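One letter stands for each residue in the lines below.
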Amino acid sequence: MSATSAPFGMRPAFHPSGLDRAQALAGGIVSGYGTDILKGAPVRYNSTAGTSVAAGTITNAASGGAWSGSFQGVEWTDTTGRRRVSNYWPASTTYQTGSCVAYFYNDANIVYEIQSDATMAQTSIGNEYNFNNVTAGSTTTGDSAYGINGASATTDAAFPIRVVDVVPETSYISGGVTYYYEFVVKFNLHQYLATTGV
């Protein structure tokens, strides 16, 4: 566990049933989609078609609002016929029709570990937060730099994640108060649980 700024996106920690599995979404990313989707990045379903997206495919989630899961990788057949497997989606990749499969955790009951951009005390448990570093990360490791926007603490139900625990290994004490860099969070706004369709 890191006690410095080294965000890694959303890392599944556990599921109440003891079982968490990534969904394999056929055709999950539009061929030629022009933005990296990095491992651990929160993703959402697109609801409308556009020039670079299509309904039923996934893309990076926004800093606020509903989302559907944590991206874990993708495979596709490139235009030369070679099968490719990657832990992230490289921007502007094109593939043979019908060959793309995107993997992401999308169960609303999965609990995740995530790093904050600011140290926070145990009193942060129960608060809701926005994400930060929405598209940041490394195309060398493929890891997302998504994290908690520590300044966005609220009790507003419209924020995407809720802190439910701390990661003790990331603690330090200052002025008699224990602070943490990493937290355990759950969905606060999941697209599957909305009362209207995606």
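Structure report, in brief. Computed from a predicted structure; not experimentally measured. (Residues numbered from 1 in each chain as written. Predicted model: local features only at pLDDT ≥ 70, side-chain atom pairs only at ≥ 80, totals over all residues. Heavy atoms only, no water.)

### Observations regarding the pairing of strand β12 (residues 161–166)
Taken residue by residue, a regular strand's side chains alternate between the two faces of the sheet.
Then, in step 1: Of the pairings in the sheet, the one linking strand β9 (residues 128–129) to β12 comprises 2 bridges and is antiparallel in character. Looking at the pairing, Tyr129 lines up with Ile161 of β12.
Then, in step 2: Pairing analysis gives 5 bridges linking β12 to strand β14 (residues 177–187), with the strands arranged antiparallel. Counterpart to Ile161 in the pairing with β14 is Phe187. (Pairing = 2+ DSSP bridges. Helix = DSSP H or I, 4+ residues; strand = E, 2+ residues; numbered from the N terminus.)

### Quick notes on the pattern of salt bridges
Then, in step 1: Using the criterion set out here, one finds 5 salt bridges in the structure.
Then, in step 2: For the salt bridge of Arg11 with Glu182, the shortest nitrogen-to-oxygen distance reads 3.8 Å. Highlighted residues: Arg11 in strand β1 (residues 11–14) and Glu182 in strand β14, separated in sequence by 171 residues.
Then, in step 3: Judged by its relative accessible area of 1%, Glu182 falls in the buried class.
Then, in step 4: Between Arg83 and Glu75 there is a salt bridge, and its shortest N-O distance comes to 3.1 Å.
Then, in step 5: Among the residues examined, Arg83 registers a relative accessible area of 38% and is labelled partly exposed.
Then, in step 6: Taken together, the shared-partner salt bridges in this structure form one network comprising Arg11, Glu113 and Glu182. (Salt bridge = Lys/Arg side-chain N within 4 Å of Asp/Glu carboxyl O. Buried < 20%, exposed > 50% of the residue type's maximum accessible area, 1.4 Å probe, protein only.)

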